[in-house]
Structure formats: C-alpha cells, structure tokens
Amino acid sequence: MPGLLDLPPFPDDVPTHPLLVVDYELIKKRNPAEIDKLWKAATELGFWYLKNHGVDEEVNEMFEMGAETMALPLAEKMKYEQGDEGISFGYKAAGANAIDETGALDTVEFINVAKDDALAWPNKVHRDYPPTVNARMESTIKPFVQKSLAVNYTLLDVLGERLGLPKGALEKRHLLDEPSGSEARCIKNPPRPGGISEEKAAIGAHTDFGSLSFLHNRLGGLQVMVPGTSEWQYVKPIPGHAICNLGDAMAIFSGGILRSNLHRVVPPPKEQGNYERWSLVFFTRPGNSVILRPLADESALIAEAVAGLPPGKYDTGQTSKEWFARRIKNQRIKNRTGPETWKASRGTEHQPSAY
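Residues numbered from 1 in each chain as written. Predicted model: local features only at pLDDT ≥ 70, side-chain atom pairs only at ≥ 80, totals over all residues. Heavy atoms only, no water.

**Some details on the environment of Leu-309**
Here comes step 1: Residue position: Leu-309 is located in the loop between α10 (300-307) and α11 (320-329).
Here comes step 2: In sequence terms Leu-309 and Arg-173 are 136 residues apart; their C-alpha atoms lie 24 Å from each other.
Here comes step 3: If sequence neighbours within four positions are ignored, Leu-309 has contacts with Gly-255 and Tyr-314. (Helix = DSSP H or I, 4+ residues; strand = E, 2+ residues; numbered from the N terminus. Contact = heavy atoms within 4.5 Å.)

Below you can see the structure in the form of structure tokens.
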C-alpha cells in the first residue's frame, strides 16, 4: 500500500523548517490560543501542520485507489488524460507539463478527481474517469472529499472571521453546489536514488492555484522558501499530521494579509530517495464564477492592507475559472511556444504582472 510501507525515516541532517502545529479539534472549538497560532502560520508562511483532523483512514484508502489507477496500462490511463485546454480533472502522464522556462519535463503522474464529480456520483458533472476511480467513488473518494471539505471550510471560516469579513463571506465564494476547480489529487513520483542537482532542483517552484490545500505524504520532498531568505528547506512529514497551505485566491481575497508561499517538490532526501514518492492533496478552490479581487469593501482590515499597496495590485480582473485555466494551460508542454508560456502559468509569487 503506497505510503504505508516500511519506509526509512526522514534524515536528521538536512535543513528543515519547523512548521507550527495546529490542533484541528481545538480550532473546531474556537480555542483562542489555537486560532492565534493558525493566524500566525497563515500570515507569516502560509504553511502549517494540522493534527487531529480525523481523515487518516480515508487517506489510506485514497492511496490504495491511486496505486490501483497507476497500475493500469498507460494506454488505458491516456483515455482519461486531462488534455491541453486548461482542464485539470483526469489523468496526467509524466512529461505532460513543463516545469521551468526551458521546457524541461516533469516526472510525476497523477489522477485528479473533481469535487463536483465525486459529490454528484453516479451522475457526471465534468468528465469520465478510469474504472479504478469509478469503483471507489462511493466508498473511498466521496468520503475523502466530504471530510476534506469540512476541514477546509472550518479553517476558511476561522480565517474569514479573523480578517474581519462578515459571516459566510468566504463560504459564499466556495459554494458546495457551484462548479469549481476543487479536486482530490493522488500523485506518484518515481524513485530518484541519486537525487538531483541544486540547479535542477530549482524547477517546479510555484504557489498553489486556489484557496487551501490539504496535503498528506509519508516521504520528504516538499520544500518551502521562507520569506526573506533565498534557501530551500524541507518540510518533514510527521505521521498523523496533514500539511496545510494557502493558495493564490486567499492571498488575493485578503489583500496580501494571508500568505500564498513559494514551494516545490524535489526527490526525498538520502535513503528515502530510493522509494516511490506518493502524495495526496485536496485542493479547495473558489467557485468558477467568483472574481478574484481583494474583499476590501467587506473588511476594514483588508481595506487598510490594500491602501498600502500599489493601486490595483490584487485586482486580477479574472474569475477563479479563468485564473485556474490560465495556469494549467500554460504549463502543458504541447502549448509551449517559448519561455513566455511558462511565465504565463505563474501565480502571485512569480508574476506580479498577472494581477
């Protein structure tokens, strides 16, 4: 079972960044000290560990679904390929995306299942999926999506309140019944026993597209660049702890108060690099029709933050669907015309001109 093998421990002689640990049970109880901790993490780095989230059983089953799907013949998986038109849902083969300005190819394959398709099952909202996905849609994928949404909605509600937004202001931008780019993703990366050079490792740095990411992995590989530094540091996986991070949409909605931080994935360090790296993420993204702009008209705190920025910095002029499709479409190697294609795929951290 991916992620549950007898894996070597994370080495203790590589640079790591100690994320704050947030207790989801205390957040649900609106514990003031725990909310302060979440706010500190969300505004300073945009990453934190989340414990007591209650989704471990579903996570294990999602890894099983991913293994079953990746074991299908490539020709079968390619019937469900996500394509080059800016749609994320479906299968992505290794080498389908560029990972830097030179057009170097990625090494990961993954399966993305839309939140909308999982919740509507057996009806279809966006697309068809491989038989291994369909077989687990009701028993595995739908429960994982529902529990992940509950976690992310709770965190968004707490952050919205702290931003001084009216009750439900963020929820109405993430309505359950509005189609969105929200999705579950199971990712397989091949072993890289020799690691990669630092020059090569600098590829793939990005901010996330949406609002909140809920990540589960057992091997190292995730790295963050701490604001104010130019060095990459590993985030050590901790059993039973998810890793949460904010994406572009929350940075934009908050006028830059909340942090959508630069991160990347490199081969696991040392002995861990001899193993396949599996990870699982649920991405919560705003509804397709939501305009990405600061909510300064709904919060004095956000209005104050925006007043100190260059005029229009976070006024994207794009809907969530347009922002998401632009970033996905311009990563696809078949859409590449040159370095400008890669640059057009970047988010808040990479391309201020995209605002």
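**Points about unusual backbone geometry**
Here comes step 1: For the bond from Trp-121 to Pro-122, the omega torsion is 10°, close enough to zero to count as cis.
Here comes step 2: Summarising the element assignment, Pro-122 is placed in the loop between α5 (115-120) and α6 (131-134).
Here comes step 3: The backbone phi angle of Asn-52 is positive, close to 60°, even though this residue is not glycine.
Here comes step 4: By secondary structure assignment, the location of Asn-52 is in the loop between β2 (47-51) and α3 (56-70).
Here comes step 5: When its relative accessible area of 40% is taken as the criterion, Asn-52 is described as partly exposed. (Buried < 20%, exposed > 50% of the residue type's maximum accessible area, 1.4 Å probe, protein only.)

**Describing the confidence of the model for the protein chain**
Here comes step 1: Looking at the protein chain, pLDDT values average 89 and 91% of them are 70 or higher.
Here comes step 2: Contacts of residues 350-355 to residues separated by more than four positions or lying in other chains number 14 contacts, the stretch itself having pLDDT below 50. (pLDDT = per-residue confidence, 0-100.)

**Here's the deal with the layout of surface pockets**
Here comes step 1: When its volume is computed, the second largest pocket comes out at roughly 350 Å³.
Here comes step 2: Contributing to the lining of the second largest pocket are 19 residues, with Asn-217, Arg-218, Pro-237, Ile-238 and Pro-239 lying nearest its centre.
Here comes step 3: Looking at the lining of the second largest pocket, the elements that each hand over two or more residues are α3 and β6 (212-217). (1 Å grid on protein atoms, 1.4 Å probe; cavity = no way out; pocket = protein on both sides within 12 Å on 5 of 7 lines; lining within 4 Å. Points joined across faces, edges and corners; volume = space filled by probe spheres on them.)

**Quick look at the packing of helix α2 (residues 32-44) against helix α7 (residues 137-162)**
Here comes step 1: One can describe the packing of α2 onto α7 by two numbers: an axis separation of 11 Å at closest approach and a directional angle of 85°. Considering the angle they form, α2 stands roughly perpendicular to α7. Where α2 abuts α7, its residues Ile-35, Asp-36, Leu-38, Trp-39 and Ala-42 lie against Leu-155, Val-158, Leu-159 and Arg-162.
Here comes step 2: Residue composition of the contact of α2 with α7, by class: seven nonpolar, no polar and two charged. (Axes fitted to C-alpha atoms, helices over the stretch in contact; angles between N-to-C directions. Parallel < 35°, antiparallel > 145°, perpendicular 65-115°, else oblique. Nonpolar A, V, L, I, M, F, W, Y, C, P; charged D, E, K, R; others polar.)

**Here's the deal with the pattern of salt bridges**
Here comes step 1: In total, this model carries 19 salt bridges according to the counting rule given.
Here comes step 2: For the salt bridge of Asp-36 with Arg-162, the shortest nitrogen-to-oxygen distance reads 3.0 Å. Of the two residues, Asp-36 sits in helix α2 while Arg-162 sits in helix α7, which places them 126 residues apart along the sequence.
Here comes step 3: Take Asp-36: its relative accessible area is 40%, and that puts it in the partly exposed class.
Here comes step 4: On the basis of relative accessible area, Arg-162 is assigned to the partly exposed category, the value being 34%.
Here comes step 5: Because the salt bridges share partners, they merge into one network encompassing Lys-77, Glu-109, Lys-188 and Glu-276. (Salt bridge = Lys/Arg side-chain N within 4 Å of Asp/Glu carboxyl O.)

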